[in-house]
Amino acid sequence: MRAIVLGRRRQDAPTVLDASLEGARATAESALQDNSPVVRAMGLIVVGEAEVLRVAMGHASQQLVDQRRALEALQAAGPPPEVARRVPWPVAHGRAGLGSWSLEIRVPGSPTSAMPTGRLLADCVEFLVALHGAAAPAGADGQSLVRDAEIFATVCSSPRKREVRALAKHLEHELADLPRGFGHGDFWGGNLLAESERLVGVVDWAAAAPSRLPLLDLLHLHVSAKRWATNGPLGPALIDDFLPWSRSGGGGDDVREYCLRLGLELMDRKLEALVIAYWLDRVAYELTMFRDRATSSWVDTNVTAVLDAVLSHGYGVAR
C-alpha cells in the first residue's frame, strides 16, 4: 500500500517534489518531468533521459545520504571500468523543505529476473569480483559483525544478547583471514539492470561500504531469489536452505568461479561462517532501516529461530 501525501499551508505552496525538481533542474542535463513520478517504499523517483532524481522525507532521507557517501568512497577508491560504467554516480543533492533530493546519472537497462542466469550471471560475478577488489580509502570504516550484534541486542532478551555477542566475536575470529573489499550490500535482481542478457547497471547503493567480507553480495542474490520465488521471510530460507547448503560444501558454478577469482578456498566451516555473517549483516541493516522489523513476530522468525538453528548445530558457542 503506497501513497503520495500532499499537504499545503496555502493553495499555491510548492510541494517537496516541486521544490526538489526546481533544485535539481539547475544541474540536470536532461528534462525532469514532474507529471509521472515513480512511487517507491523509500520515496519518489523522477526519471529523465540522462539523470534520475530521488526524493525522500523523514527516515528515508538517510538512504540518500548513505548512498551518496558510499559512492563517494567508491569513486575515491578508483574502481575498475567494469564497475565504474555500471554505477549511477551522484551529480547533485540538496534539501527541499522537509525533504531531501539526490540527482544521479541514469544507467541504462531494464530490471532483471530475480535470479540471473547464463551470461548475465557471469557478468554479476565479474562485477562483484571487481567491486570487491576496489581499495578502501584510508581510514574507511569497515564491516563489523560485533557492531551488528549490538544492533541485534536492541531486540533480544538478556540471555540472547550474550549469545549473539559471543557468536559475533567468534565469527570475527573465524573470518579474520579473509580479504575485505567493497560490497554493494543489497545485490539482488531488483537492483540489477540488463540489456540483451548483459549486466549494464547496478542501482540502490545505500547499503554499500568498503572493507566488507567476500561472497556476501552473491549470497544475497541467491537468498533473495529464493525468497522471491516462495514469498517467504529470511529466517526459514536460511534455516531450510542456505545453512544446510553451506554445511554440505556449497556449490554452484557462480560461487565456485567467484571464490576461484578471489583466491578463496572455502571449506565447509568457513562457508557456514560466511552464511551466518550474512545473516548478522542483513538483519542488522533491516533493523536499522525499517521500523517494522522490531515487532515480536519478525524477530521470532528472522532472529530467534535462526540463532537457535545456528547454536543447536554446535556453531560458535555452546547453549
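Residues numbered from 1 in each chain as written. Predicted model: local features only at pLDDT ≥ 70, side-chain atom pairs only at ≥ 80, totals over all residues. Heavy atoms only, no water.

Draft legend 1. Examining the sheet that holds strand β6 (residues 110-111) more closely. What the three strands build is an open sheet, ordered β6-β8-β9; its pairing is antiparallel. The open sheet has two edge strands with one neighbour each: β6 and β9 (198-202). Packed on one face of the sheet, helix α4 (residues 118-132) meets β8 (192-195) and β9 and runs near 45° to β9. (Pairing = 2+ DSSP bridges. Helix = DSSP H or I, 4+ residues; strand = E, 2+ residues; numbered from the N terminus. Contact = heavy atoms within 4.5 Å. Axes fitted to C-alpha atoms, helices over the stretch in contact; angles between N-to-C directions.)

Draft legend 2. How the structure looks around the packing of aromatic side chains. Scanning the entire structure with this criterion turns up five aromatic pairs. Taking 6.2 Å as the distance between ring centres and 65° as the angle between the ring planes, the aromatic pair formed by F127 and W205 counts as edge-to-face. A residue pair is termed long-range when its members are at least 10 positions apart, and F127 in helix α4 and W205 in the loop between β9 and β10 (209-212) qualify at 78 residues. Judged by its relative accessible area of 0%, F127 is buried. Its relative accessible area of 1% is what places W205 among the buried residues. Residues F152 and W279 carry aromatic rings whose centres are separated by 5.1 Å and whose planes lie at 80° to one another, so their mutual orientation is edge-to-face. (Phe/Tyr/Trp six-rings, centres within 6.5 Å; stacked < 30°, edge-to-face > 60°. Buried < 20%, exposed > 50% of the residue type's maximum accessible area, 1.4 Å probe, protein only.)

Draft legend 3. Broad picture of the pairing of β9. In terms of burial, β9 is largely enclosed, as four of its five residues are buried. Hairpin remark: β8 followed by β9, antiparallel, with two residues in the connecting loop; positive phi at S196, about 50°.

Draft legend 4. Examining the sheet that holds strand β2 (residues 43-47) more closely. Taken together, five strands build an open sheet; the order of strands is β1-β2-β3-β5-β4 and the sheet is antiparallel. Looking at the sheet topology across the chains shown, the edges are occupied by β1 (38-40) and β4 (90-96). The average angle at which neighbouring strand axes cross in this sheet is 20°, direction not considered. Running at roughly 140° to strand β3 (residues 51-57), helix α1 (residues 16-25) makes contact with β2, β3, β4 and β5 (99-105) of the sheet.

Draft legend 5. Just the side chain of E286, in detail. By the element assignment, E286 lies in helix α10 (residues 268-289). There is a polar contact of 2.8 Å between the side chain of E286 and the side chain of R293. The residues touching E286, leaving out its near neighbours within four places in the chain, are R227, R293 and W298. (Polar contact = N/O pair within 3.5 Å; in protein donor to acceptor, adjacent residues only side chain to side chain.)

Draft legend 6. Main features of the pairing of β4. Sheet analysis places β4 next to β5, joined by six bridges and oriented antiparallel. Within β5, the position partnered with A92 by the bridge is L103. Where β4 hands over to β5, the hairpin turn is made up of two residues, of which G97 adopts a positive phi near 60°.

Draft legend 7. Representation of the packing of α10 against helix α11 (residues 296-312) in the model. Packing of α10 against α11 leaves a shortest axis separation of 12 Å and a crossing angle of 160°. Put simply, α10 runs roughly antiparallel to α11. The two elements α10 and α11 meet at a crossing, and its hand is left-handed. In this structure, α10 uses I276, W279, V283, E286 and L287 to contact α11, whose residues at the interface are W298, N302, V303, V306, L307 and V310. (Parallel < 35°, antiparallel > 145°, perpendicular 65-115°, else oblique. Left-handed = near helix turned anticlockwise from the far one by under 90°.)

Draft legend 8. Spotlight on unusual backbone geometry. For L215, which is not glycine, the phi torsion reads 75° and is therefore positive. Mapped onto the secondary structure, L215 falls in the loop between β10 and α7 (216-230).

Draft legend 9. Local environment of empty space enclosed by the protein. Taken as a whole and assessed by the stated rule, the structure comprises two cavities of 30 Å³ or more. Lining the largest cavity are L128, H132, F182, G183, R212, L213, P214, L215, L216, D217 and Y258. Going through the elements one at a time, α4, β7 (181-183) and α7 are the ones with two or more residues in the lining of the largest cavity. Approximately 40 Å³ is the volume attributed to the second largest cavity. In terms of lining, the second largest cavity is formed by G185, R212, L216, D217, Y278, D281 and R282. Mapped by element, the contributors of at least two residues to the lining of the second largest cavity are α7 and α10. Of the residues forming the lining of the second largest cavity, the biggest block, three residues, is contributed by α10. (1 Å grid on protein atoms, 1.4 Å probe; cavity = no way out; pocket = protein on both sides within 12 Å on 5 of 7 lines; lining within 4 Å. Points joined across faces, edges and corners; volume = space filled by probe spheres on them.)

Without other data, these values stay purely geometric and don't point to any function.
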